[in-house]
Amino acid sequence: MKTPLVFKLILLLVLAWRLIISNKKTKKPSEKGFLNLLELPAVQLSKPSKELEPKEAVKRFYRDVARENPEVNQLYFICFLAEKLQKHFAKRGIFRLFWYDQHLVLSFYQSLKLLNLEKETILFEKILTNLNPVSFIKVSNNETLEPNSFLATNPEFDLLYVEFDKIFDMDKYCQALVNQFYAN
């Protein structure tokens, strides 16, 4: 007994469909380039509430105003960054930022400098310098970087991540951000 032609065509369609699905799964995600915080305008349209504690004020401001367009200005983007950082620090700390959101590393470093958090900036500079000294020199000179420049992992520098996590305080970061909104 021969296999009917309709059955053979259905099997070919199923095979083709499975090949299409497997091809979609193997696509490589595109590498995001670093976002330079200094390229965003400094103009601000609205400000977070001073009546709430800083962490809550930044969270609400991000949800109400900055979420639609975080790249409107520097402080809006730092609100976006604060939301991302809260998630990373709840799970593992600054190491997660390097591993999962590599494109935000430069912006975070620039935000530390912009918010005048000196101890945190120095420790973050140590981390960046130890990961890739050449790229850090480019960062210092405001040159563009290749994607994933700071993705290298070195177990010798794990103490730097732990030290940064001990020093970095999300409440202090949010307080400095709110103060920066009202400084202008």
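Preceding block: the structure.
Cut-offs applied
Residues numbered from 1 in each chain as written. Predicted model: local features only at pLDDT ≥ 70, side-chain atom pairs only at ≥ 80, totals over all residues. Heavy atoms only, no water. Helix = DSSP H or I, 4+ residues; strand = E, 2+ residues; numbered from the N terminus. Rg over C-alpha atoms; globule rule 2.2 N^0.38 Å. Buried < 20%, exposed > 50% of the residue type's maximum accessible area, 1.4 Å probe, protein only. Disulfide = S-S within 2.5 Å. Core = buried A, V, L, I, M, F, W, Y, C linked by side-chain atoms within 4.5 Å. Contact = heavy atoms within 4.5 Å. Patch = residues over 30% accessible without salt bridge, like charges linked within 9 Å, V, L, I, M, F, W, Y side chains within 5 Å. Areas by Shrake-Rupley, 256 points an atom, 1.4 Å probe, with all protein chains shown as cover. Salt bridge = Lys/Arg side-chain N within 4 Å of Asp/Glu carboxyl O. Expected span 1.5 Å × (residues − 1). Arc of directions from axis to C-beta. Lys, Arg positive; Asp, Glu negative; His and termini not counted. Charge placed at Lys NZ, Arg CZ, Asp CG, Glu CD. Phe/Tyr/Trp six-rings, centres within 6.5 Å; stacked < 30°, edge-to-face > 60°.

Novice: Help me out: how do you make sense of the overall build of the protein in this one?
Specialist: Along the protein, the regular secondary structure elements total nine helices and zero strands. What you see for the protein is a C-alpha radius of gyration of 22 Å, clearly larger than the 16 Å of a compact globule of 184 residues, by over 25%. Structurally, the protein occupies a C-alpha span of about 85 × 40 × 30 Å along its principal axes. Among the 184 residues that make up the protein, the fraction classed as buried is 40%.

Novice: What should I look at first to understand the state of the cysteines in this one?
Specialist: By the definition in use, this model includes zero disulfides. A disulfide-free cysteine, C79 has its sulfur positioned 8.2 Å from the sulfur of C174, the nearest such atom. Overall, C174 belongs to the buried group, its relative accessible area being 0%.

Novice: Is there a simple way to explain the nonpolar core in this structure?
Specialist: Inside soluble globular proteins, nonpolar side chains tend to come together where they are buried. If you look at the biggest cluster of nonpolar residues, it comprises 49 residues, and the most contacted ones within it are F98, F108, F124, F150, F164 and Y173. Among the secondary structure elements, those contributing two or more residues to this core are α2 (54-66), α3 (74-91), α4 (94-100), α5 (105-114), α6 (118-131), α7 (133-140), α8 (158-167) and α9 (170-183). Looking at which element gives the most residues to this core, the answer is α3, with nine residues. If we skip the residues at most four places from it in the chain, F108 touches L81, L85, I94, L97, F124, F164, F168 and Y173.

Novice: Sorry if this is basic, but what is going on with a nonpolar patch on the surface here?
Specialist: Taken together, the side chains of L5, L9, L12, L15 and L19 present a nonpolar region at the surface, about 520 Å² in accessible area. Looking at the secondary structure, you find L15 in helix α1 (residues 5-25). With a relative accessible area of 48%, L15 lands in the partly exposed category.

Novice: Would you explain α2 in this entry?
Specialist: Count 3.6 residues to each turn of an α-helix, and residues three or four apart come out pointing the same way. Here α2 is 13 residues long, yet its end C-alpha atoms lie only 16 Å apart, well below the 18 Å a rise of 1.5 Å per residue gives. Of all the positions in α2, only P54, A57, V58, F61, Y62 and A66 are classed as buried. Around the axis of α2, the buried residues are gathered within 130° of arc, so they sit on the same side. Contacts made by the buried residues of α2 are with α3 and α9.

Novice: What should I look at first to understand a positive patch on the surface in this one?
Specialist: Judged by side-chain charge, R63, R67, K87 and K91 come together as a positively charged surface patch. If you trace the backbone, R63 turns up in helix α2. Given a relative accessible area of 44%, R63 falls into the partly exposed group.

Novice: Which parts of the structure should I look at to understand α8?
Specialist: Where α8 is concerned, the buried positions are L160, Y161 and F164. With its buried residues spanning 100° around the axis, α8 presents them on a single face. Along α8, the residues that are exposed and aim more than 90 degrees away from the buried face are L159 and K166. In this structure, the buried residues of α8 make contact with α3, α4, α5 and α6.

Novice: Sorry, what's going on with the packing of aromatic side chains here?
Specialist: Any aromatic ring pair is given by two values, namely how distant the centres are and how the planes are angled relative to each other. Within the structure shown, the criterion is met by 18 aromatic pairs. Judged by centre distance (5.1 Å) and plane angle (70°), the ring pair of F61 and F181 falls under edge-to-face. Placement of the pair is F61 in helix α2 and F181 in helix α9, with a sequence separation of 120 residues. Across the pair, F181 and F61 agree in class, each one buried. Geometrically, the ring pair formed by F108 and F168 is edge-to-face, given 5.7 Å between the ring centres and 75° between the ring planes.

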